[in-house]
Every structure is written in C-alpha cells, then in structure tokens.
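Below are the chains, spelled out letter by letter.
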Amino acid sequence: MEQTLVIIKPVAVHRGLIGEVITRFERKGLFIIGMKMMQLDEQILREHYAHLTSKPFFPDLLKSMMATPVIVMCIEGKDAVEVVRLMTGATNGRKALPGTIRGDLSMSGQENVVHASDSIDNAKIELARFFKPGEILAYKPSDFRFYYAPD
Ligand code: IDP
C-alpha cells in the first residue's frame, strides 16, 4: 500500500467542488487516512513549488494557492501515487482527458482543481510537509477485501 498527498486547491473551494473531488477518490477504492483544511502561506508554497519559483506565472500561482484555505488529504491504496495521478490528469485542464478530475472540472492551466504527488519519493516528502505526526491515521475499512481481492 502507498500513501500520497492530494491538495484540493482554492479554485475548487470557491467553486463548491470539495465533495465532488473527495467522492471520486472514495468511489475508486482509495482510502482517506488524513484530511484537514489549512491556509497555505508563501513559505510552504515556495518549498512545495520550489521547481517553479523562476517561472513567470509563479507570482500568480502563489496568489491563487493562498486565495482561500485548501483541503489537504493523505490518500492510501495499492499503487496510490500512480492511480491518483492518473485520476488527476494532465496539468492543463484543457489538455487533461475527459474522465479525469482536471479533464472534467477545469478549463485552465493554473486553476486545475487539485494537486497530487508525482512520485513515491515526493509523496513522502510532501506528506511530511503538510501533516504533523499523529494527523495521518491508520485503519482498514471493514470491507477492504472487496476493493483489492484477489491481490
Ligand atoms: P502538476 O500540478 O500537474 O504536477 P507542475 O508542473 O508541478 O504540474 O505545476 C504545478 C502547478 O503550477 C500546476 O498544477 C498549475 O496550477 C501551475 N502551473 C504549471 N504550469 C503552468 C503554466 O504554464 N501556467 C500557469 N500555471 C501553471
């Protein structure tokens, strides 16, 4: 089982899409084992988007990500990092395939509804960045076998 970080971005909070996004992950058979609302600040965003700080759109990205509180989630499941990225879709909502979260809910390159960790290593780093010890909770739903059997 893997764990990955999802951020429901301010655009989705503004647009009333929090429930829609959470429902997609639940229905897929992934498990939310950590979730909270938090207000991001420039310091955490400069760390989180360190690979983008020199891009011309970075100031707009900062503003956009601080516009409202966000929802951060730790999502667990078999191959969760890859599965969640597939469900998220390409960065630009206009290029993301229909059926993906971005493909169904976004028409924008920046305002693309969710963030999802892009590798197992980054998922570990990002979960440690957004969650304190004790905020990620281990449990197994009672009908776990129906999601992943036989393997
Ligand atoms: P990802 O979110 O699909 O992993 P990254 O390249 O890590 O893509 O970019 C992080 C975020 O920065 C994107 O989700 C998007 O909100 C924003 N972004 C990336 N490229 C652009 C761009 O060309 N214009 C505006 N915003 C962008």
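Residues numbered from 1 in each chain as written. Predicted model: local features only at pLDDT ≥ 70, side-chain atom pairs only at ≥ 80, totals over all residues. Heavy atoms only, no water.

Enquirer: Could you clarify how one ought to interpret the pattern of salt bridges in this entry?
Expert: Pairing of side chains with opposite charge becomes possible as their charged atoms draw close. Considering all chains together, one arrives at 5 salt bridges under this definition. Ionic pairing is found between Arg24 and Glu20, a salt bridge with its closest N-O pair at 2.8 Å. Pair noted here: Arg24 and Glu20 are both in helix α2 (residues 18–28), with a separation of 4 residues, about one helical turn. Salt-bridge contacts for Arg46 lead to Glu42; the nearest nitrogen and oxygen are separated by 3.0 Å. You can see Arg46 and its partner Glu42 sitting in helix α3 (residues 42–48), 4 residues apart, about one turn around the helix. Residue class for Arg46 comes out partly exposed when judged on its relative accessible area of 39%. Linked by salt bridges that have partners in common, Glu20, Arg24 and Asp104 make up one network. (Salt bridge = Lys/Arg side-chain N within 4 Å of Asp/Glu carboxyl O. Helix = DSSP H or I, 4+ residues; strand = E, 2+ residues; numbered from the N terminus. Buried < 20%, exposed > 50% of the residue type's maximum accessible area, 1.4 Å probe, protein only.)

Enquirer: When you look at the site of the ligand in this model, what are you seeing that I'm missing?
Expert: In the vicinity of the ligand, the residues found are Lys9, Tyr49, His51, Leu52, Phe57, Leu61, Arg85, Thr91, Arg102, Gly109, Gln110 and Asn112. Arg85 is positioned such that a nitrogen or oxygen atom in its side chain is 2.9 Å from an oxygen atom of the ligand. Asn112 is positioned with one of its side-chain polar atoms (N or O) 2.8 Å from an oxygen atom of the ligand. Taking a 2 Å distance to the grid points as the criterion, the majority of the atoms of the ligand fall inside the largest pocket. Residue composition of the shell around the ligand, by class: 4 nonpolar, 5 polar and 3 charged. (Near = heavy atom within 4 Å. Polar contact = N/O pair within 3.5 Å; in protein donor to acceptor, adjacent residues only side chain to side chain. 1 Å grid on protein atoms, 1.4 Å probe; cavity = no way out; pocket = protein on both sides within 12 Å on 5 of 7 lines; lining within 4 Å. Sits in = over half its atoms within 2 Å of the grid points. Nonpolar A, V, L, I, M, F, W, Y, C, P; charged D, E, K, R; others polar.)

Enquirer: Explain the layout of surface pockets here, please?
Expert: Over the atoms, a rolling probe the size of a water molecule traces out where space has been left empty. Each pocket or cavity is described by its volume, and for the largest pocket that value is around 480 Å³. Lining the largest pocket are 21 residues, with Tyr49, His51, Leu52, Thr91 and His115 sitting closest to its centre. Listing elements by their share of the lining of the largest pocket, those giving two or more residues are α3, β4 (114–116) and α7 (120–130). Element by element, the count of residues in the lining of the largest pocket is highest for α7, at 4 residues. (Points joined across faces, edges and corners; volume = space filled by probe spheres on them.)

Enquirer: Teacher, can you tell me more about the environment of Met1 here?
Expert: Structurally, Met1 can be placed in the segment before β1 (2–8). Along the backbone, Met1 and Gly77 are 76 residues apart, and their C-alpha atoms lie at a distance of 5.2 Å. The residues touching Met1, leaving out its near neighbours within four places in the chain, are Phe31, Glu76, Gly77, Lys78, Phe144 and Tyr148. (Contact = heavy atoms within 4.5 Å.)

Enquirer: Would you mind showing me how to read the side chain of Thr100 here?
Expert: Of note, Thr100 is situated in the loop between α5 (80–88) and α6 (101–105). One polar contact links the side chain of Thr100 to the main-chain carbonyl oxygen of Leu97, over a distance of 2.6 Å. Not counting the four nearest positions on each side in its chain, Thr100 is found in contact with Arg24, Leu86, Met87, Thr88 and Gly89.

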